[in-house]
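# Remarks on the overall topology
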Amino acid sequence: MNSTDTTAGPDQPSSDQPSSDRSGSAQRSGDGDLALRMTGVRKTYQLGGEEVVALDHVNLSVGAGEILCLLGPSGSGKTTLCSIAGGLLSATEGEVVVGGQDITHYSERQLSGFRSETVGFVFQAVNLVPFLTARENLLVVDELGRRSGKAARSRADTLLDELSMTDRAKYLPSQLSGGQRQRVAIGRSLMNEPQLVLFDEPTSALDTKLGEQVMDLIQSEMRQRGTAAIIVTHDDRITRYADRTVHIIDGKLDA
Amino acid sequence: MKVALLELRRRPGRFSTATVILTLIATLLMLLGGLLDGLLDGSTSAVAAQQGEVIVFSDTAENSFLRSRVSPETRDLIEAVPGVAAVGGIGVAQLGGRVPGNADRDLIDVALFGYEIAPDGVPKLPAAGEAYADRSLESGGVREGMTIELGPQRTPITIVGWVDGLAYSGQGTLWAAPETWRDVVNENRPGAGVGDGVFQSLIVQASDGTDPMTLPAAIDAATDGATDSLVLDDAINAIPGVEQQSSTFNQIIGVTVIIAIIVVALFFALLTVERTSLYGVLKAIGATSRTLFGGVVLQAVVVTLVASAIGGTLALVLDLAVPPGGIPYTLLPARVLSSVVFLLIAAIIGCAFSLRRVLRIDPASAIGSGS
């Protein structure tokens, strides 16, 4: 499924709906305490000459260290929201501030730099580089971003240790189990010490028991680092791992 | 970049098809170049070895040794031209040679040169009736100390030593004193006889500080148009067949390079399509299109260098295996280098066809994808 698959269909409501801040973060005074602030974000696509609204004037704030669960059915716009928050897509309207950086008008190149330094991703299909070992999959983040060399290698080793993957550091993804691959993907997402980590259906490819283990791991890693996370899912069992759950339907947030 | 190199190291099989095809192309390119250089060498090396900057033909000779005659009087005029340091006569006769031990009708083709200024690699003038032989004639049965007979009049010439790599019009050469050459021509080509002091051509050495490029015009002016003078490179290209050979082979080499571009373009375009998902993920975690495309180019360059190394080795083995006087094949370092450069340029141009595809990969495709 690509990003367009997650957009709202042409029969969905228009973007003229009133916007609302349902994030519950009103107590936070400024962006200094926020990992993410989205204000009046709207995302539309042109499909067969018609405008399709994927996100409709969304306001959302995520505090530093907060774990937010974004729950919604397929096509609700949760992936689009996640993509905009992670700098993978640009909003059609509105303002997006991540870790104090206003990325609303960033160029492609600036967004690449932003992604390599400020956010982490864990994808649904894990998507490790198949010909790199577990350790190298972590280090690839350093190679693509600011090269810190020895510090990066040390950080990769620390992360693998925390994820109980030290003994599998030299294994290729094909030699790892699904859960181990997911651990490596979590490690990769933390390599750049991000302000915000975006998890896209992190347990969808895992059985229930393994899924719970992975969610426990995500929760403890985020808590330990004070890193904010948005977990995109359609599985409401995940919500118990989050500080807050936000529902999204037809491109609009609903607490 | 490191990721691209690791992929090459860990998944060599993925690049084996391209490597094999590019190796064949590299080998073909170097073989064609070697054949071209061999042919050119066989046609021109005797002229290219001349120790002078300008070659003077008579005005009606159309730059052909066989048609040209330069008289002693004309030579005097040329020697008086400012900037001319030395002048030496040269002449050539192309004849059949009978070799002792070979069948009576089993003639070898030779080009007998009479010279005054020793060309590069040729010793000082031998005595009358003697000549140095190009080593390629060894394959025709010629041996040092042997007396061979030239032309219908069977003029005897004794071989007193060897020279290497000096051929003319595809024939092995003999290098003799001017009188020996004159005697052979007058005995065997009575219709084309040459008088005392007459040469077919003159080799002119420029004095220090003289621009050789200015000499041909000055010489032709001094002889009042009785001569047609050329700098050495132009004289080499004027040898019959040289330009045609170069043109034909260069066209074949050009087509081969185009095939290399197509091979690289197709291969890396397919590889890029296969990697769309991976590139989407890498872009999502911060890779720029430039970084990804740089990796594609790096892989193409490495594959090309490996293919060139194998192709170069095969071409070198052939060069060592071909005996002197066998097929005209000469592998020159400059030719190997130019072939590698052509292939590298082809690889980079071929990769450029993948650039658009890499640019179009949407990093957002990494998210929401369960495939």
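Starting from 1, residues in each chain are numbered consecutively following that chain's sequence as written. For naming, the first written chain is A and the first written ligand is 1, with later ones following in the order written. For this predicted model, a pLDDT threshold of at least 70 governs which residues receive local features, and a threshold of 80 or more governs which side-chain atom pairs are given and counted, while totals over whole chains, interfaces and linings are taken from all residues.

## A look at the overall build of chain A
Let me state the cut-off plainly: Segments assigned H or I by DSSP are reported as helices when at least four residues long, segments assigned E as strands when at least two residues long, and all are numbered from the N terminus. Partly exposed residues are those falling between the two cut-offs: more than 12 but fewer than 20 other C-beta atoms within 10 Å of their own, whereas 20 or more means buried and 12 or fewer means exposed, with C-beta atoms placed from the backbone. Remark: residues whose backbone-derived C-beta atoms lie within 7 Å of one another are considered to be in contact.
Along the backbone of chain A there are six helices and eleven strands. Within chain A, buried positions represent 50% of all 255 residues. When contacts within chain A are restricted to residue pairs at least 6 apart in sequence, those whose partners lie at least 24 apart make up 76%.

## Digging into the packing of helix 9 (residues 289-321) of chain B against helix 10 (residues 333-360) of chain B
All names here are of chain B. So the rule is basically this: In this analysis, axes come from line fits to C-alpha atoms, helices being fitted only over the stretch in contact, and the angle between any two N-to-C directions falls in the range 0 to 180 degrees. Angular relationships are summarised with four words: roughly parallel below 35 degrees, roughly antiparallel beyond 145, roughly perpendicular across 65 to 115, and oblique for the angles in between. The sense of a crossing depends on the near helix, which, turned anticlockwise from the far helix by less than a right angle, makes the crossing left-handed and, turned clockwise, makes it right-handed. Each residue is assigned to one class: nonpolar for Ala, Val, Leu, Ile, Met, Phe, Trp, Tyr, Cys and Pro, charged for Asp, Glu, Lys and Arg, and polar for all the others, Gly among them.
Interhelical geometry of helix 9 versus helix 10 gives an angle of 150 degrees and a closest axis separation of 9 Å. As summarised for this structure, helix 9 and helix 10 are arranged roughly antiparallel, according to the angle between their axes. As helix 9 packs across helix 10, the resulting crossing turns out to be right-handed. Two secondary-structure elements touch here, helix 9 through S289, L292, F293, V296, V297, A300, V301, T304, S308 and G312 and helix 10 through V336, V340, L343, L344, A347, I348, G350, C351, S354, L355, V358 and L359. Residue composition of the contact of helix 9 with helix 10, by class: 16 nonpolar, six polar and no charged.

## Describing the pairing of strand 4 (residues 130-134) of chain B
Two faces, one strand: in a regular strand the side chains alternate between the faces of the sheet. Residues and elements named next belong to chain B. Under the convention used in this document: Two strands form a pair only when DSSP identifies at least two bridges running between them.
Burial analysis of strand 4 places four of its five residues in the buried class, the great majority of the element. Alignment of strand 4 against strand 6 (residues 155-163), held across five bridges, turns out to be parallel. Within strand 6, the position partnered with A133 by the bridge is W162. Where strand 4 meets strand 8 (residues 171-176), three bridges bridge the pair, whose relative direction is antiparallel. Across the sheet, Y132 pairs through a bridge with W175, a residue of strand 8.

## Brief notes about the interface of chain A and chain B
On the side of chain B, 25 residues touch chain A, which itself brings 29 residues to the contact. Every element with two or more residues in the side of chain A that touches chain B is listed here: helix 1 (78-85), helix 2 (108-117) and helix 3 (134-144) of chain A. Considering only residue class, the side of chain A that touches chain B consists of 13 nonpolar, eleven polar and five charged.

## Notes on helix 3 (residues 72-79) of chain B
All names here are of chain B. What counts is decided by this rule: Note: the arc covers the axis-to-C-beta directions of the helix.
T74, R75 and I78 are the residues of helix 3 that are buried. Projection of helix 3 onto a plane perpendicular to its axis shows the buried side chains occupying an angular sector of 105 degrees, all on one side. Across from the buried face of helix 3, at angles greater than 90 degrees, the exposed residues are P72, E73 and D76. Residues of helix 3 that are buried in the fold lie against strand 1 (54-58), strand 2 (84-98), strand 9 (201-206), helix 5 (215-222) and strand 10 (227-231).

## Focus: the nonpolar core
What counts is decided by this rule: Nonpolar cores are built from buried Ala, Val, Leu, Ile, Met, Phe, Trp, Tyr and Cys residues. These are joined into a set through C-beta atoms within 7 Å.
In terms of nonpolar packing, the biggest core is built from 109 residues, with L36, L70, A85, L196, A229, I230 and I231 of chain A touching the most fellow members. When neighbours within four sequence positions are excluded, L196 of chain A is seen to be in contact with A35, L36, V62, V98, G99, V119, A228 and I230 of chain A.

## Examining the domain arrangement of chain B
Residue and element names in this part refer to chain B. Put simply, the rule is: Domains are outlined according to an automatic or database domain assignment.
Each assigned domain of chain B is listed with its residue range as follows: domain 1 (2-44 + 242-366) and domain 2 (60-225). Taking the mean C-alpha position of each, domain 1 and domain 2 sit 44 Å from one another. Taken together, the contact pairs six residues of domain 1 with ten residues of domain 2. Residue composition of the side of domain 1 that touches domain 2, by class: two nonpolar, three polar and one charged.

## Points about the environment of G197 of chain B
Looking at the element boundaries, G197 of chain B is found in the loop between helix 4 (178-188) and strand 9. Once the C-alpha coordinates of G197 of chain B and R75 of chain B are considered, the two residues, 122 residues apart in sequence, prove to be 9.3 Å apart.

## Considerations on the sheet that holds strand 4 (residues 67-71) of chain A
Residue and element names in this part refer to chain A. With mixed pairing, the six strands of this open sheet are ordered in space as 7-8-9-4-10-11. Since the sheet does not close on itself, it has two edges, and those belong to strand 7 (119-122) and strand 11 (252-254), each with one partner. Going from strand to strand, the sheet's axes swing by 25 degrees on average, the running direction of each strand aside. Across four bridges, the pairing between strand 4 and strand 10 (residues 244-249) is parallel. Directly across from C69, in strand 10, lies its bridge partner T245. The sheet contacts of helix 1 involve strand 4, strand 8 (196-200), strand 9 (228-233) and strand 10, and relative to strand 9 the element is tilted by about 155 degrees.

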